[in-house]
2 protein chains.
Amino acid sequence: MTETVTAAGTSTGSKSEQAYAAVKARIIDGTYSPGYRLVLAKIAEDLGVSVVPVREAIRRLEAEGLVKFERNVGATVSGIDPTEYLYTMQTLSIVEGAATALSAPLIDSVAIARARAVNEEMRECLHHFDPVRFTQLNQDFHSVLFEHCPNPHILDLVHRGWNRLASLRSSTFRFVPGRAHQSVDEHEALLRLIEIGASADDIEKAARLHRSATLDAYLAAATDHQTPQTAQQ
Amino acid sequence: MTETVTAAGTSTGSKSEQAYAAVKARIIDGTYSPGYRLVLAKIAEDLGVSVVPVREAIRRLEAEGLVKFERNVGATVSGIDPTEYLYTMQTLSIVEGAATALSAPLIDSVAIARARAVNEEMRECLHHFDPVRFTQLNQDFHSVLFEHCPNPHILDLVHRGWNRLASLRSSTFRFVPGRAHQSVDEHEALLRLIEIGASADDIEKAARLHRSATLDAYLAAATDHQTPQTAQQ
DNA sequence: GAGTACGAAATCGTATACGAAAACTATTGC
DNA sequence: GCAATAGTTTTCGTATACGATTTCGTACTC
């Protein structure tokens, strides 16, 4: 299924796979920003393959929500519609909550220690103001929590959400220091809950709130600065 | 996105779409049962199109989990691995729970009445022993609840889960009368909760348990008949 | 001068064709 | 009699080609 967020250019052999990884990487790193028109022939030429595998790759990305495809018109990188963002975050809140609750009983002290180390490094990043690394570490943190998640389907949904966010992040993500501090504290609190063997319900609730708080911060920031900027495309 | 479970043969025009709908329908109605080998050329001939759109359709079905695709080997209809069933049900429990909780505040008395009517008809089906119609009504019931779900992503996940189950059902689903009775009662209880405006938490919990109970019944039945298959959750 | 209609260019959708990989089968050697 | 191997067949993967559809620019009319 969908592997992780890391989509390297290294191919599994299949050109279709190659094209998929390449386009996905370009979307996530922002080379193809939201609204960008993905012309099959052009991409095919860039990658040195024919249009057939490229088309397949794009349809796959469409299924994941990273691109929007319109019949007889073409594909564009999915936009930053605030509504979509809200949907994605809400869904993530739910599946991450579930993933955390399911994983919690299986997380041993070693993993907790690792997660805590990552979280402390995140705190460092706040001092040096390194949003890029912070974001990466944030994913690492949750990856540690989820690495033993007993339900791969749920894990897959989490990864999809992350990918989706990643494609938006490059253009719209605003690093809110206040929220970031809070986030690190919430991570620590979550680890404590897991350590003391809190109920699945409590852990799920905490994990959900963690994601919801990020959404709220975004909404607040958006309202502060200006009109939410209905960037439909 | 993924529409509903109903995948008619009526095309949207695109042959790829046509092929997708046709194969999906055949999987769900059991014409292509789990394990069935989907040979591109053969399907293409059956549908009177070339292999390219068929391939696209199959890849799409793969993304939805209905078929399994192996490089340079081919596609087969996804199997009935009890583990997969467990994963799917667990995931459904979570997303249905969320969908119900999110929808609840938006369900008016008219919709409640409709849902209740459907549920009563389900009760009828138990007397006449009509499992097929029962299953259909069961989906109708939940569809009524979800029709105003404010988050389309979550709704999409619910539909995917249903499709997945539908593809398994044809071969493995065992209609357990005892469970069915209980299910109808749970529906009624759920409607009551919504009517009295219970908290989102309570509604979510009830909806989750509703799905989990079905899973448990399946596991119990499976254990009775033969070897179990661990179910952590 | 603005709006509409027509035509050209761009792009998609799908058919066909061929090379490559895997699966199957028959044959040979032990 | 069984196992390994070579050859054949099936099926996939992708390139190329062409028809269909949309879009954009231009000229024409009111």
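Residues numbered from 1 in each chain as written. Chains lettered and ligands numbered in written order. Predicted model: local features only at pLDDT ≥ 70, side-chain atom pairs only at ≥ 80, totals over all residues. Heavy atoms only, no water.

Honestly, the relation of the copies chain A and chain B in this entry has me stumped. Any pointers?
The operation relating the two chain copies consists of a rotation about an axis and a shift along that axis. With an RMSD of 0.0 Å, the operation that places chain A on chain B is a rotation of 180° combined with a shift of 0.0 Å along the axis. Both copies are brought into coincidence by an operation consistent with a two-fold rotation axis. (Least-squares fit on C-alpha atoms with pLDDT ≥ 70 in both.)

Would you explain the interface of chain A and chain B in this entry?
The partner chain B presents 30 residues to the 28 residues of chain A that form the contact. Summed over both partners, the interface of chain A with chain B comes to about 2600 Å²; 51% of that surface belongs to carbon and sulfur atoms. Of all residues in chain A, Glu56, Tyr87 and His153 of chain A give up the largest surface area on contact with chain B, accounting jointly for 20% of the area buried on that side. Linking chain A to chain B there are 8 salt bridges. Notably, a salt bridge pairs Lys205 of chain A with Asp201 of chain B, separated by 2.8 Å at the nearest N-O pair. Across the contact surface, chain A and chain B share 18 residue pairs in polar contact (both at pLDDT 80 or more). Those elements giving two or more residues to the side of chain A that touches chain B turn out to be helix H3 (51-63), helix H4 (82-103), helix H7 (152-172) and helix H9 (200-225) of chain A. (Contact = heavy atoms within 4.5 Å. Buried area = accessible area lost by both parts, 1.4 Å probe. Salt bridge = Lys/Arg side-chain N within 4 Å of Asp/Glu carboxyl O. Polar contact = N/O pair within 3.5 Å; in protein donor to acceptor, adjacent residues only side chain to side chain. Helix = DSSP H or I, 4+ residues; strand = E, 2+ residues; numbered from the N terminus.)

Even after reading the chapter, I still don't get the pattern of salt bridges, so can you show me in this structure?
Oppositely charged side chains can pair when the atoms bearing their charge come close. Evaluation of the coordinates by the stated rule reveals 40 salt bridges over all chains. A salt bridge links Glu84 of chain A to Arg164 of chain A; the shortest N-O distance between them is 2.8 Å. With Glu84 of chain A in helix H4 and Arg164 of chain A in helix H7, this pair connects stretches of sequence that are 80 residues apart. Owing to a relative accessible area of 15%, Arg164 of chain A belongs among the buried residues under this scheme. We note a salt bridge from Glu64 of chain B to Lys24 of chain B, for which the minimum N-O separation is 3.8 Å. With Glu64 of chain B in the loop between helix H3 (51-63) and strand E2 (67-70) and Lys24 of chain B in helix H1 (residues 15-28), this pair connects stretches of sequence that are 40 residues apart. Accessibility classification places Glu64 of chain B together with Lys24 of chain B in one group, the buried group. Here the salt bridges share partners, and the residues they tie into one network are Arg55, Arg59 and Glu62 of chain A together with Glu56 of chain B. (Buried < 20%, exposed > 50% of the residue type's maximum accessible area, 1.4 Å probe, protein only.)

Whenever I open this one, the packing of helix H6 (residues 131-146) of chain A against helix H8 (residues 177-195) of chain A confuses me. Can you help?
A pair of packed helices is captured by two measures, namely the crossing angle of their axes and the spacing between those axes. Residue and element names in this part refer to chain A. Look at H6 against H8: their axes get within 12 Å of each other, and the N-to-C directions meet at 15°. Relative to H8, the element H6 is oriented roughly parallel. Here H6 runs over H8; the crossing is left-handed. Contact with H6, carried on its side by Phe134, Asn138, Phe141, His142 and Leu145, involves Ala180, Val184, His187, Leu190, Leu191 and Ile194 of H8 and no other residues of that element. (Axes fitted to C-alpha atoms, helices over the stretch in contact; angles between N-to-C directions. Parallel < 35°, antiparallel > 145°, perpendicular 65-115°, else oblique. Left-handed = near helix turned anticlockwise from the far one by under 90°.)

Help me understand the pairing of strand E3 (residues 74-77) of chain B, please; the structure alone is not making it clear to me.
All names here are of chain B. Residues Ala75 and Val77 line the buried face of E3, whereas the alternating positions Gly74 and Thr76 sit on a face that is not buried. Two elements, strand E1 (residues 37-38) and E3, share 2 bridges in a ladder whose sense is antiparallel. By the bridge assignment for E3, Arg37 is matched with Thr76. Across 4 bridges, the pairing between E2 and E3 is antiparallel. Each residue of the ladder has a partner; that of Lys68, found in E3, is Thr76. If you look at the hairpin formed by E2 and E3, you'll find 3 residues sitting between the two strands, and Asn72 has a positive phi there, around 60°. (Pairing = 2+ DSSP bridges.)

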